[in-house]
Amino acid sequence: MGHQRRHQYRHSAGEHPRGCAMTAAGVTWLHRNLFAKPFDIALSLITIPLLAWVLYSLADWVFLVARWDVLFDSLRVLMIGIYPVDQLWRTWFAVAVLATLFGLGLGLCMRPMAASLITLAILSGAIGVAVEPVFGAFQAALTVGCGWLGLAACLVASRSAKAKRFALPIMLVALVALYLVLAPPGLESWGGLLLSVLLTLAASVLTLPLGILLAFGRQSRIASVRVLSTGYIEIMRSIPLILVVYWIWVVVPLLAPDATVPSFLRGLAGFTLFFAAYVAEYFRSGLQALPPGQVEAARSLGMSTWSVNVDIVLPQALRVVVPSLVGQILDIFNGATLVFIIGLTDFLRAGQMILADPQNSSRIYEIYVFLFAVYFTIGATITYASRRLEAFLARGSR
Amino acid sequence: MEMTEARFVSVSQRRLVRVRRGLIQTLIVGLVVVLVAWLCLSVRSALAAKGIQFSFGYLWTAANLSLSEGWTVAFDGLRPVVEPFSSSDTNAEALVAGLSNSLKVAIAAIVFSTVFGTLVGIGRLSGNWLVRNLSFGLVECVRNTPLLIQIVFWYFAVVLKFPPANAASHWLGSLIASQAGVFLPGLTVVDDAQPIAWLLVIGAAASLLAAFLLRRRAAGLWLCVASVIAVVASVWLGFPVSVDLPVSTRFGATGGIALTPEFTAILLAIVVNSSAYVAEIVRGAIDAMPRGQWEAASALGLSRSSTLRDIILPQVFRVVLPSLGNRYISLTKDTSLGIAIGYPDLFNVYGTVSNQTGRNLEGVLIVILTYLILSWAISAGINIVIRRVNTLGGAR
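The structure displayed is predicted, hence computed values, not measured ones. (Residues numbered from 1 in each chain as written. Chains lettered and ligands numbered in written order. Predicted model: local features only at pLDDT ≥ 70, side-chain atom pairs only at ≥ 80, totals over all residues. Heavy atoms only, no water.)

A. Fine view of the overall build of chain A. Per the secondary structure count, chain A includes 16 helices and zero strands. With the C-alpha coordinates of chain A rotated into their principal frame, the extents come out at 70 × 60 × 40 Å. The long-range fraction of contacts in chain A, counting pairs at least 24 apart against all pairs at least 6 apart in sequence, stands at 75%. With an accessible surface of roughly 20700 Å², chain A has 71% of that area assigned to carbon and sulfur atoms. (Helix = DSSP H or I, 4+ residues; strand = E, 2+ residues; numbered from the N terminus. Contact = heavy atoms within 4.5 Å. Areas by Shrake-Rupley, 256 points an atom, 1.4 Å probe, with all protein chains shown as cover.)

Written out as structure tokens, the structure reads:
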């Protein structure tokens, strides 16, 4: 944001002759942005060759050296792990639901311009074409269909204000549907990117109520509640996530010796208990951002504490913390790589297992570059959404 | 709020409220006590069914495990001795060695990520389009991908792909990088140094520390001069510390500072990762400085770089301290991911020890307590610096 502002400033300050030739404009741009001062010239002279060399070696590797066939051979393991082959239709259902959710989310947090829609459409088509030689025409058509479903959801969400109101119920229904359809082959068979996404979605939803309770608990007038909530939040925030996940995985069989709780649920419990403390802290900042007059006014109208919290405080606090909560989804998604500690095969672990096969051990860079690219695409989308939301909410409050 | 409420309600109503609150308190405390008691009892009965009793006695039995690195503290009578961990040491000493490894990564990463992060943060505001966007790209790449894949990548795809030890590459004459690890020039103690030279060096260090801690500038200047004189004198007498260059051998190198591949990888990963976050903190703080400061400085004829160095950064330093403290705490927690590449940090050693002894519950209490103490120590340290910086500002 900062450099954009300065960028505009610089442009408005400098004279900008209209209608000058393209090359002249280019030279001016170069002079202004790369060679303005001796120090800038030195920096540019160091970075340009370096960048050129990196880009050249990268392009050389991507197009000439790397052999991407390993990806096509192992794509299914990367995406869904060891999910039984005869149950694959269930995962296609999951992809459709996820595409809808993704589209809804995207539509809610930004006004989709024609350009971004066309990009998404082309992207889904491209993925379909890429998938076709490996999985056949049927799956390729399904992929494109899912992409278009997401686009439709995106459009619906952006055109109607009602979609906002229904976002949370739709999310919950979608999650329950996902669980019902994907669970029959056993939670143990969830893996790959599917596992990472499911864990992220479930943990993001489950942390909310617990986190909100903890945030209110920390501000409660009842001393014991306050001390307990504060202690919980502080302890959880001081220890590493991997420790929480591992330890809950160890303790659950001791608590319920007769039941066999799937590792996924134990991991989910760890993520929920851990990230709830962070949600609580976000909410606390949201609660503190509220002018105290609001609560006082509501009290003086004779509203009950419950009603004040649910009808006055919570909706306003939510508005403030939504960007941070969206940002936290990224933290949970990135944290989902840690479930290797309890023996689950998430996206990263699936990649490592493919590399453990001696046949593929020389393809280390191909696999890692693909993993990085997928993580980065998802992460950058979430970051972008959270930024857009922040800008949108800031505009609304002015 | 309480006062106004109290004025309008009758005495009996007030008593009712008080009784209700007391009841709620008791109820909540009771609930939590029952819950915790139920948890403890069922865990205990489950352990009893396996024939295990809750006790910390296992800490003093031999660990029978080997760690690739790690220092531990043994007691020679009452005198503490720092020594490398050996497999005959106790479980407690193994945990200490794990902690020393975690701290080693954390401290080095705090220093390096602060420096690099500040540089990248300034780079993100550079007037140079290329530098600005490269810094932005670096920060985005790091912040949008999981730390674990970064650690794994640095280890398997970078450090383990260094040339083998017998064909190790030498940079700048003395830095050796091979699959056996990275070797840097280090400092060693000269054996037959004169005690007076030692005294002078220690005196110089002490006076430098005093110069930093003392608030009076004149006294600080004199202390600096004194420390320079002491150093010169000790050099003349035979400096007790010398530079130790690594020499490569067939299986690695000897001498200098040896960094294991695991340590190198996790340090690189955490430094790069944390630098991106530090860069964002620094950039945000520089952005938050009022534009008037830049304009005033430029009206006074100060250049961009000297405005940044002399006016903006000193203020930024004060603003970023709390966020920086949080970052240091997260960074320390992040060292627990060393387990993914077999680095023997505290969490890794805890896992091994509790697997061997079945002492998960006892072990986790120790580890949680250790991380709590580390977090509190970092935030207390940052608070001390904040207080000191603020009093400095007030005195000016």
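B. Just the overall build of chain B, in detail. A count of helices and strands for chain B gives 12 helices and 10 strands. Taken against the 2.2 N^0.38 rule, which gives 21 Å for 396 residues, the C-alpha radius of gyration of chain B at 27 Å runs more than 25% over that of a compact globule. The principal-axis extent of the C-alpha atoms belonging to chain B is close to 85 × 70 × 50 Å. The buried share of chain B, taken over its 396 residues, is 41%. (Rg over C-alpha atoms; globule rule 2.2 N^0.38 Å. Buried < 20%, exposed > 50% of the residue type's maximum accessible area, 1.4 Å probe, protein only.)

C. Here's a closer look at the UniProt feature "transmembrane region" (unreviewed entry) in chain B. Residue and element names in this part refer to chain B. Mapped onto this numbering, the UniProt entry gives "transmembrane region" (unreviewed entry) at residues 22-41, 105-127, 196-214, 221-243 and 364-386. Along residues 22-41 the backbone is 100% helical and 0% strand, and the end-to-end C-alpha distance reaches 28 Å. Helix and strand shares over residues 364-386 are 100% and 0% respectively, and the end C-alpha atoms of the span are 33 Å apart. (UniProt positions renumbered as here; feature names shortened; annotations may be inferred.)

D. Inspection of the side chain of A:Ser74 at higher detail. Checked against the element boundaries, A:Ser74 lands in helix α4 (residues 69-80). Leave out the neighbours within four places in its chain, and A:Ser74 touches A:Ile354 and A:Ile367.

E. Examining the pattern of salt bridges more closely. For the structure shown, the criterion picks out 12 salt bridges over all chains. For A:Arg387, the salt bridge is made with B:Glu140, and the minimal N-O distance between the two is 3.3 Å. With A:Arg387 in helix α16 (residues 364-397) and B:Glu140 in helix α4 (residues 129-143), this residue pair bridges two chains. Looking at A:Arg387, the relative accessible area reads 41%, which means it is partly exposed. It is possible to trace a salt-bridge network through shared partners that takes in A:Arg218, A:Glu234, A:Glu281 and A:Arg284. (Salt bridge = Lys/Arg side-chain N within 4 Å of Asp/Glu carboxyl O.)

F. Inspection of the interface of chain A and chain B at higher detail. Counting residues at the interface gives 61 residues for chain A, matched by 59 residues for chain B. Counting every contact that joins chain A to chain B gives one salt bridge. Looking at which element gives the most residues to the side of chain A that touches chain B, the answer is α16(A), with 11 residues. Classifying every residue of the side of chain A that touches chain B gives 36 nonpolar, 13 polar and 12 charged. (Nonpolar A, V, L, I, M, F, W, Y, C, P; charged D, E, K, R; others polar.)

G. Focus on the packing of aromatic side chains. One pass over the full model with this rule turns up 19 aromatic pairs over all chains. Centre to centre, the rings of A:Phe347 and A:Phe370 are 6.3 Å apart; their planes meet at 65°, and the pair counts as edge-to-face. Taken as a pair, A:Phe347 in helix α15 (residues 347-356) and A:Phe370 in helix α16 lie far apart in primary sequence, 23 residues in all. The exposure classification of A:Phe347 matches that of A:Phe370, with both residues buried. Between A:Phe372 and B:Phe153 the ring centres are 5.5 Å apart and the planes differ by 80°, which places this aromatic pair in the edge-to-face class. Taken together, the residues span two chains, with A:Phe372 in helix α16 and B:Phe153 in helix α5 (residues 147-158). (Phe/Tyr/Trp six-rings, centres within 6.5 Å; stacked < 30°, edge-to-face > 60°.)

H. A look at the nonpolar core. All names here are of chain A. Among the nonpolar cores identified, the biggest contains 153 residues, and Leu178, Trp190, Leu243, Phe271, Phe283 and Tyr368 are the most heavily contacted of them. With 13 residues, the top contributor of residues to this core is helix α9 (residues 192-218). If near-sequence neighbours (up to four positions away) are discounted, tryptophan 190 is found in contact with Tyr83, Tyr179, Leu182, Ala183, Leu195, Leu198 and Phe264. (Core = buried A, V, L, I, M, F, W, Y, C linked by side-chain atoms within 4.5 Å.)

I. Expanded view of the pairing of strand β2 (residues 79-84) of chain B. Residue and element names in this part refer to chain B. With respect to burial, β2 is a largely exposed element, only zero of its six residues being buried. Bridge count between strand β1 (residues 71-76) and β2: six bridges; the pairing is antiparallel. Within β2, the position partnered with tryptophan 71 by the bridge is proline 84. Where β1 folds back onto β2 in an antiparallel hairpin, the turn is made up of two residues, including glycine 77, whose phi is positive at roughly 70°. (Pairing = 2+ DSSP bridges.)

J. Quick look at the packing of α5(B) against helix α8 (residues 261-288) of chain B. All names here are of chain B. Axis separation between α5 and α8 bottoms out at 8 Å; the angle between their running directions is 140°. With respect to their mutual orientation, α5 and α8 come out oblique. Taken as a pair, α5 and α8 cross one another with a handedness that is right-handed. Contacts between α5 and α8 pair Leu147, Gln150, Ile151, Trp154 and Tyr155 from the former with Pro261, Glu262, Ala265, Ile266, Leu268, Ala269, Val272 and Asn273 from the latter. (Axes fitted to C-alpha atoms, helices over the stretch in contact; angles between N-to-C directions. Parallel < 35°, antiparallel > 145°, perpendicular 65-115°, else oblique. Left-handed = near helix turned anticlockwise from the far one by under 90°.)

K. Here's a closer look at the pairing of strand β5 (residues 181-184) of chain B. All names here are of chain B. Pairing analysis gives three bridges linking strand β4 (residues 175-178) to β5, with the strands arranged antiparallel. Looking at β5, one finds that alanine 177 is bridged to valine 182. Adjacent in sequence and paired antiparallel, β4 and β5 are bridged by two residues. Relative to strand β10 (residues 257-259), β5 runs antiparallel, the two sharing three bridges. The residue of β10 that forms the bridge with phenylalanine 183 is alanine 258.

L. The arrangement of the packing of α8(B) against helix α10 (residues 304-334) of chain B in detail. Residue and element names in this part refer to chain B. Contact geometry of α8 with α10 gives a least axis separation of 8 Å together with a crossing angle of 140°. It follows that α8 is oblique to α10 by the angle criterion. Relative to α10, α8 is oriented so that their crossing is right-handed. Mapping the contact onto sequence places Ile270, Asn273, Ser274, Tyr277, Val278, Ile281, Val282, Ala285 and Ile286 in α8 and Leu308, Ile312, Leu313, Val316, Val319, Val320, Ser323, Leu324, Arg327, Leu331 and Asp334 in α10. Looking at side-chain class alone, the contact of α8 with α10 contains 15 nonpolar, three polar and two charged residues.

M. Quick peek at a nonpolar patch on the surface. Residue and element names in this part refer to chain B. There is a patch of nonpolar side chains on the surface, built from Ile107, Val111, Phe112, Val115, Phe116 and Leu119 and spanning about 570 Å² of accessible area. Here phenylalanine 116 lies in helix α3 (residues 91-123). According to the relative accessible area criterion, phenylalanine 116 is partly exposed, its value standing at 41%. (Patch = residues over 30% accessible without salt bridge, like charges linked within 9 Å, V, L, I, M, F, W, Y side chains within 5 Å.)

N. Up close: the confidence of the model for chain B. Residue and element names in this part refer to chain B. Looking at chain B, pLDDT values average 84 and 93% of them are 70 or higher. Scored below 50 in pLDDT, residues 1-6 makes five contacts in the model with residues more than four places away or belonging to other chains. Note on the complex model: pTM 0.84, ipTM 0.84. (pLDDT = per-residue confidence, 0-100.)

O. Representation of the environment of A:Leu194 within the structure. All names here are of chain A. Topologically, leucine 194 is positioned in helix α9. The spatial distance from the C-alpha of leucine 194 to the C-alpha of valine 95 is 8.8 Å, given a sequence separation of 99 residues. The contacts of leucine 194, once residues within four sequence positions are left out, are Met79, Ile80, Thr91, Ala94 and Leu182.

P. Summary view of helix α11 (residues 241-255) of chain A. Residue and element names in this part refer to chain A. With 15 residues, α11 extends 21 Å between its outermost C-alpha atoms, agreeing within 8% with the 21 Å of an ideal straight helix rising 1.5 Å per residue. Counting buried positions along α11 gives 11 out of 15 residues, so the element sits mostly inside the fold. Buried within α11 we find Leu241, Ile242, Leu243, Val244, Val245, Tyr246, Ile248, Val250, Val251, Val252 and Leu254. (Expected span 1.5 Å × (residues − 1).)

Q. Here's a closer look at the environment of B:Asn101. All names here are of chain B. By the secondary structure assignment, asparagine 101 is in helix α3. The buried category is assigned to asparagine 101, whose relative accessible area is 1%. Sequence-wise, asparagine 101 and glycine 338 are 237 residues apart; in three dimensions their C-alpha atoms are separated by 9.9 Å. Non-local contacts of asparagine 101, meaning those with residues more than four positions away in its chain, are made with Glu69, Gly70, Tyr343, Pro344 and Asp345. Among the polar contacts listed, one links the side chain of asparagine 101 to the backbone oxygen of proline 344, at a separation of 2.9 Å. (Polar contact = N/O pair within 3.5 Å; in protein donor to acceptor, adjacent residues only side chain to side chain.)

R. Representation of the environment of B:Thr391. Structurally, B:Thr391 is set in helix α12 (residues 360-395). The partly exposed category is assigned to B:Thr391, whose relative accessible area is 40%.

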